[in-house]
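One-letter residues, chain by chain:
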Amino acid sequence: MNVADQRPGPKLLATHAPRSVDEVAEIVRCAAERGQAVYPIGAGTQADVGCMPRRPGIGLSLAALDRLIDYQPDDMTITVEAGMKIDRLRRVLAERGQWLPLDFASPGGTVGGALAVGLCGPRRFGFGGWADYVLGLRAVDGQGNEFFSGAKVVKSAAGLNVHRLLIGSLGSLAIIAEATLMVRPRPEMQAGLACRLSDPAAADRLLDALSRSRLTPSAADLYSGALWEQLSGCEPTVGPVLVVGFAGAAADVEWMLDGLRQQWREAGVPFDAIERVEQFDALCEAAAAWPAEVGVAVRPSRLCALMARLGGVMTELPWQARAGDGMLLLRVGPRTPAVWESFVRDRIMAPTAEEPSARVAVIRPPEGSAFAPSEAWGFSEDETVVWTALKEKFDPKAILNPGRFPGAIAAAGAPGASPSDRPATDGPATPGISAATTAGR
């Protein structure tokens, strides 16, 4: 079992369930006056993402804010309240042959929760991430002020994209109450090819050939043999597995699958090492739901070199890599907090620091971890300064999700603030990735 799965949530003194954005604003306004921490609650499906909350406070359940505000299928836009479940949103869109082309860690989660976490799955490479589909957000800041950023139409260049700051900020800047999203027609067909490899270096050659071809994949990912068996239900394999998927008209997808198969055969891949992935949609969902604990971002062209630099880690741990995006996701597994943290620092962070373009984020630190938010998410000194300034602007009393994310740094002197909540003055010891890097391009 994942250590993070056992992590308790914040100590809640009470839980409120507002039924309108005005009620959300009033509850936050009162909490700000008392300096009381506020913890937004969606469906709780990704509550283990980010560092441990540091202070007791009140819960703010958005379950009752689940209305469909507006849906314009011809314009391919939809506006929903943040408490709407992802699976309900999908059903609404499916009735008109449309979809939101993102892989969700949990379809049982809420729209607001998915936006706050901001993590994406395999199909981000071909379809983009949350920032590509959020047209506008209605939210409440840490002072109880309601605001809207963005637009409710696709073609609009008015104003700053302030709403993009909220994507992946773990509810530390503002509470998302409503989202206007751009949707797309659902592809006629989705399928992929899997290739069993002897080592990551072989994947590097195949990916290089793919990038030079006329093929347009929706996803290009690598999986450790153990994880591939778990996600796909296929026979176990010793080496990594490269999976490339396509989406679109059935004839186009079949043409690209044939072209990729021929490309791999010309590269010397044995016939029996290639298999078709019919349930590609299900595979992407399972991959997105896999609870990675550590993420490493690197230039896509340097991904395989990074994996080689990590050495034995790549055979000891289960992992998946977004080859098209340059993201390596690892699961350290059950260890005591001290051993877990030592493993991450010595076996992942230290060798990664030697790769110029690589940055590390601890996505799910276990309970008892000594990682402070800024270090866990790998913020540099400059990034810490920027996020501290943003926090002071959006949430000057530091009441929103304190301790969970660098954006949730408690202001000096705030009630209940601990040293680990406060901004570091010398920056983290190792490079890393911010939630914006994890969630966006």
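Residues numbered from 1 in each chain as written. Predicted model: local features only at pLDDT ≥ 70, side-chain atom pairs only at ≥ 80, totals over all residues. Heavy atoms only, no water.

**Points about the overall build of the protein**
Moving on, step 1. Across its full length, the protein holds 14 helices and 18 strands.
Moving on, step 2. Buried residues in the protein amount to 56% of all 441 residues.
Moving on, step 3. The long-range share in the protein, meaning contacts at least 24 apart out of those at least 6 apart in sequence, stands at 73%.
Moving on, step 4. Accessible surface computed for the protein: about 17900 Å², of which carbon and sulfur atoms make up 52%. (Helix = DSSP H or I, 4+ residues; strand = E, 2+ residues; numbered from the N terminus. Buried < 20%, exposed > 50% of the residue type's maximum accessible area, 1.4 Å probe, protein only. Contact = heavy atoms within 4.5 Å. Areas by Shrake-Rupley, 256 points an atom, 1.4 Å probe, with all protein chains shown as cover.)

**Regarding the sheet that holds strand E2 (residues 37-41)**
Moving on, step 1. Here three strands make up an open sheet; going across it, the order is E1-E3-E2 and the pairing parallel. Edge positions in the open sheet fall to strand E1 (12-16) and E2, since each of these has one partner strand only. Averaged over all neighbouring strand pairs, the angle between strand axes comes to 25°, with direction disregarded.
Moving on, step 2. Judged from the four bridges that link them, E1 and strand E3 (residues 57-61) form a sheet pairing that is parallel. Residue pairing for E3: His16 is matched across the bridge by Leu60.
Moving on, step 3. Strands E1, E2 and E3 of the sheet are contacted by helix H1 (residues 21-34), whose axis makes an angle of about 170° with E3. (Pairing = 2+ DSSP bridges. Axes fitted to C-alpha atoms, helices over the stretch in contact; angles between N-to-C directions.)

**Some words on the sheet that holds strand E18 (residues 359-362)**
Moving on, step 1. Spatial strand order, E14-E11-E13-E12-E16-E17-E15-E18: eight strands in an open sheet with antiparallel pairing. Only two strands of the sheet have a single partner each, and these edge strands are strand E14 (274-277) and E18. Sheet twist, expressed as the mean angle between neighbouring strand axes with direction ignored, is 20°.
Moving on, step 2. Relative to strand E16 (residues 319-322), strand E12 (residues 219-223) runs antiparallel, the two sharing three bridges. Within E16, the residue paired with Leu222 across the bridge is Ala321.
Moving on, step 3. Strands strand E11 (189-196), E12 and strand E13 (241-248) of the sheet are contacted by helix H5 (residues 200-211), whose axis makes an angle of about 20° with E13.
Moving on, step 4. Packing of helix H8 (residues 280-289) onto the sheet brings it into contact with E11, E12, E13, E14 and E16, and relative to E11 it is tilted by some 70°.

**Examining the confidence of the model for the protein**
Moving on, step 1. When pLDDT is averaged across the protein, the result is 87; 89% of the residues are at 70 or more.
Moving on, step 2. Counting contacts from residues 1-5, a segment whose pLDDT is below 50, to residues more than four positions away or on other chains yields 19 contacts.
Moving on, step 3. Contacts of residues 408-441 to residues separated by more than four positions or lying in other chains number 92 contacts, the stretch itself having pLDDT below 50. (pLDDT = per-residue confidence, 0-100.)

**Some thoughts on the side chain of Gln98**
Moving on, step 1. Among the secondary structure elements, Gln98 is positioned in strand E6 (residues 98-99).
Moving on, step 2. Polar contacts involving the side chain of Gln98 include one to the side chain of Tyr71, which spans 2.5 Å.
Moving on, step 3. Discounting chain neighbours no more than four positions away, the residues touching Gln98 are Tyr71, Pro73, Met76, Leu93, Val183, Arg184, Pro185 and Arg186. (Polar contact = N/O pair within 3.5 Å; in protein donor to acceptor, adjacent residues only side chain to side chain.)

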